[in-house]
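Overview (structure and organization)
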Amino acid sequence: MRNNNDDFNSKNPEETASNKFAAELLVPIDFLKKDFESGIRDVKSLAQRYKVSEEMMWWRIMDTG
């Protein structure tokens, strides 16, 4: 059985680039920073706002620091 974390921790440069592109397309970093600055920091609320899974939102937040 494949672990979902494998997709985010891939050593394959093409897969890593694809994941970063998809993350930026779904949750643009500039928009996410504005949400954080305005006080929206609840992962569930952010996931609903961007229409992505909570897991994806956690990865996006962790990836962007």
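Owing to the predicted nature of the structure, the values given are computational and were not obtained by experimental measurement. (Residues numbered from 1 in each chain as written. Predicted model: local features only at pLDDT ≥ 70, side-chain atom pairs only at ≥ 80, totals over all residues. Heavy atoms only, no water.)

Of regular secondary structure, the protein possesses five helices and zero strands. Every one of the 65 residues in the protein was classed for burial, and the buried ones make up 25%. Of the contacts made within the protein by residues no fewer than 6 positions apart, 47% connect residues no fewer than 24 positions apart. When the accessible area of the protein is evaluated, it comes to approximately 5,000 Å², of which 54% is carbon and sulfur surface. (Helix = DSSP H or I, 4+ residues; strand = E, 2+ residues; numbered from the N terminus. Buried < 20%, exposed > 50% of the residue type's maximum accessible area, 1.4 Å probe, protein only. Contact = heavy atoms within 4.5 Å. Areas by Shrake-Rupley, 256 points an atom, 1.4 Å probe, with all protein chains shown as cover.)

Next up on the list: a nonpolar patch on the surface. There is a patch of nonpolar side chains on the surface, built from Phe21, Leu25 and Leu26 and spanning about 350 Å² of accessible area. Along the chain, the position of phenylalanine 21 falls in helix H2 (residues 13-26). Overall, phenylalanine 21 belongs to the exposed group, its relative accessible area being 59%. (Patch = residues over 30% accessible without salt bridge, like charges linked within 9 Å, V, L, I, M, F, W, Y side chains within 5 Å. Salt bridge = Lys/Arg side-chain N within 4 Å of Asp/Glu carboxyl O.)

This part is about the nonpolar core. By size, the foremost hydrophobic cluster in this structure holds 12 residues: Ala23, Val27, Ile29, Leu32, Val43, Leu46, Ala47, Tyr50, Val52, Met56, Met57 and Ile61. For this core, the secondary-structure elements that each account for two or more residues are helix H3 (29-37), helix H4 (43-50) and helix H5 (54-64). (Core = buried A, V, L, I, M, F, W, Y, C linked by side-chain atoms within 4.5 Å.)

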